[in-house]
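Fold and geometry: a report
Here are the chains, one letter per residue:
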Amino acid sequence: EDDEDDVDLDAWERTYTDERSWESLQEDESGMLRPIDNQALYHSQYRRRLRTAARIQKGLIRYLYIVIDLSRAASEMDFRPSRIAVIAKHVETFIREFFYQNPLSQVGIVTIKDGVAHCLTDIGGSPESHINALMKKLECSGDSSLQNALDLVDGYLNQIPSYGHREVLILYSALSTCDPGDIMDTIQKCRKSKIRCSVIGLAAEMFICKHLCQETGGTYSVALDESHFKELILEHAPPPPAIAEFAVANLIKMGFPQRAAEGSISICSCHKEAKVGAGYTCPRCKARACELPTECCVCGLTLVSSPHLARSYHHLFPIAPFDEVTSSLNNPNCKLQRNCFGCQQSLLDPGNKPGPAVVCPKCKRYFCLDCDIYIHESLHNCPGCDSL
Amino acid sequence: MASAPSKLYADDVSLVVVLLDTNPFFWSSSSLSFSQFLSHVLAFLNAILTLNQLNQVVVIATGYNSCDYVFDSSSDLNRSFENGRMPVMCSSLLQKLEEFLITDEQLSKEEPEGKIKPSLFSGSLSMALCYIQRVFRSGALHPHPRILCLQGSLDGPEQYVAIMNAIFSAQRSSVPIDSCYIGSQNSAFLQQASYITGGVHHKPQNLDGLFQYLMTIFATDLHSRSFIHLPKPVGVDFRASCMFFKLA
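Everything numeric here is computed off the predicted structure, so don't read it as measured data.

A separate point is the packing of helix α13 (residues 369–379) of chain A against helix α5 (residues 160–172) of chain B. Describing two packed helices takes the angle between their axes plus the distance from one axis to the other. Between α13(A) and α5(B), whose axes approach to 10 Å, the crossing angle comes to 100°. Judged on the interaxial angle alone, α5(B) and α13(A) are roughly perpendicular. Counted together, A:Y374, A:S378 and A:L379 of α13(A) and B:N165, B:A166 and B:S169 of α5(B) form the full contact between these two elements. Residue classes in the contact of α13(A) with α5(B) are distributed as three nonpolar, three polar and no charged.

The next thing to look at is the nonpolar core. Counting residues in each nonpolar core, the largest one holds 57 residues, and the members touching the most others are A:F367, A:C371, B:V17, B:L19, B:I60 and B:I147. Broken down by element, the residue count for this core peaks at nine residues, all from helix α4 (residues 121–137) of chain B. The residues contacting B:L19, other than those within four sequence positions of it, are B:I60, B:T62, B:F121, B:S124, B:L125, B:A128, B:I147, B:L148, B:C149 and B:L150. By size, the runner-up hydrophobic cluster in this structure holds 36 residues, among which are B:L38, B:I48, B:L148 and B:A219.

Across the boundary between the two partners, chain B contributes 31 residues, which contact 29 residues of chain A. In total, about 2,700 Å² of surface goes out of reach between chain B and chain A, with carbon and sulfur atoms giving 58% of it. When the buried area of chain B at its contact with chain A is split by residue, B:C130, B:F168 and B:R172 rank highest and sum to 21% of it. Between the two partners, chain B and chain A, sit two salt bridges. Among the ionic pairs, A:D370 bridges to B:R137, the shortest N-O distance being 3.4 Å.

Quick look at α4(B) now. All names here are of chain B. In this model α4 runs 25 Å from its N-terminal to its C-terminal C-alpha over 17 residues, within 8% of the 24 Å that 1.5 Å per residue would give. By the criterion of burial, α4 is predominantly enclosed, with 14 of the 17 residues buried. G139 lies just past α4 and shows a positive phi near 135°.

With that out of the way, let us pick up the confidence of the model for chain B. All names here are of chain B. Here chain B averages 83 in pLDDT, while 82% of its residues score no lower than 70. Between residues 82–86, whose pLDDT stays under 50, and residues either more than four places distant or in other chains, the model counts two contacts. Taken together, the chains of this predicted complex give a pTM of 0.81 and an interface ipTM of 0.85.

Scoring rules and cut-offs
- Residues numbered from 1 in each chain as written.
- Chains lettered and ligands numbered in written order.
- Predicted model: local features only at pLDDT ≥ 70, side-chain atom pairs only at ≥ 80, totals over all residues.
- Heavy atoms only, no water.
- Axes fitted to C-alpha atoms, helices over the stretch in contact; angles between N-to-C directions.
- Helix = DSSP H or I, 4+ residues; strand = E, 2+ residues; numbered from the N terminus.
- Parallel < 35°, antiparallel > 145°, perpendicular 65-115°, else oblique.
- Contact = heavy atoms within 4.5 Å.
- Nonpolar A, V, L, I, M, F, W, Y, C, P; charged D, E, K, R; others polar.
- Core = buried A, V, L, I, M, F, W, Y, C linked by side-chain atoms within 4.5 Å.
- Buried < 20%, exposed > 50% of the residue type's maximum accessible area, 1.4 Å probe, protein only.
- Buried area = accessible area lost by both parts, 1.4 Å probe.
- Salt bridge = Lys/Arg side-chain N within 4 Å of Asp/Glu carboxyl O.
- Expected span 1.5 Å × (residues − 1).
- pLDDT = per-residue confidence, 0-100.

Written out as structure tokens, the structure is:
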């Protein structure tokens, strides 16, 4: 019914139809408005996320296919301006975040349109090529077919090396699937191929998606609105828990090329033309590559630089979550640390009473809530433990 | 990697977080004495504060047992300047530095003779990044932060993972890490830090002229770096250290 009301609303009123911020106000016992404590809310959301991230083995070399449903359901406008526009925008953010957190992994994009699945981009490690290809092909029509998409992805993922983790992320807008055969067989086939399928639905919960995710060990979630969709898709960026039998652990040969000197001229193996200056020479066959990480075109050796590997280290050596400090006025230790150890911000609230703080269980230093979030989400080092 | 872009708030106001190496294992064998080094550095810090009255300087001492803040130019105690005499900054910095050095030494545990301890660079780098995040949270108008590392101690291979984490976090927040290596060999970690984050790395040839190197290379604010010729990396040593045995 919102669509009809929108015609009569002014432009400024339309921005409030989705966000009803006045509904989140609360009254206390005497009827006075309680101020919205954004910081505490943010921190409690962050702590909920932290609790679910336990110390489990994770798959770092991932081969992920993103399946985008381009059926006519994706052109629905319940997400503004349309479902497919929202999907495309957030897939771009997701791809960049994915390559930031998993520099050794590769992504491919598959689309479903008119009941047929097409491979939009081959599996590869360059974020720009995927994003550019996606933005050109966003027309929606026809039915969606989950089985055709899974068959296509299964065929591609069977060709990747055994040490990689195989994953599929399906962004499903439709409420039905038109399949040529029995989709249960395809689901069992994916399960045997050890492919972890996850689905994010934009319409409503479907049994077949839930069954697919349960069988293959993935996660199924349905987005409520645009910001929720963004949150759900970005949850797939950090590496998921790895099931040990899925990827055989063996030593993987990798090359660490030297950067060519400025002014040297050689023929680049990816562009097939002569290039001057900055490039990387494969240590095994001496062919030139333009950017890292990549696979050498001549000898097939995976070429990386050590910072790419180092970006994944924090998944292997996570830091312990900090404990909340229960402010008890009789606790003598509270008076010793008046400032956050990381940023030197005062831990006392304006009344000189101890404000909210957290403590590292190992080095016993106190930190403010913002440093807690920064340390666990971005920095991955405890400044207190590193200063001992 | 391209040099760090400048953000569009206050364009040439800088916040410089200086990480000062105070490791006695290094200073006891250095050709430059610690007091001479401090006189170069203090003159340089004063110069930064006079370049623009909104500039801020924070100094974190990197010891071998601990790290701590020794100076913050934006705190209330340090703002008043006394007419004609040495600014309050020098005396409070020196006092806190001395207190830090005494505490740092007291924290020493029994160590076998002859083992050279590295300075706790990853700790002070992490503290600097936390402080910079606090500056980012303070609102839209804030100085452009950068980190300057004055290190002479050798790299501690056991700190590799922590330093790389800090470097990537700095790269994500667009905070350049400049480094001036005053030791005798080379620091792969400092070179990588400056290369990845878009900062400047330099190893001065003649330590008697350290002040001149600091002023000409490291005093430039981020906005002006696009039109000033600064030393470029000749070759970056990307060597990692073994994660299992914690050796180089």
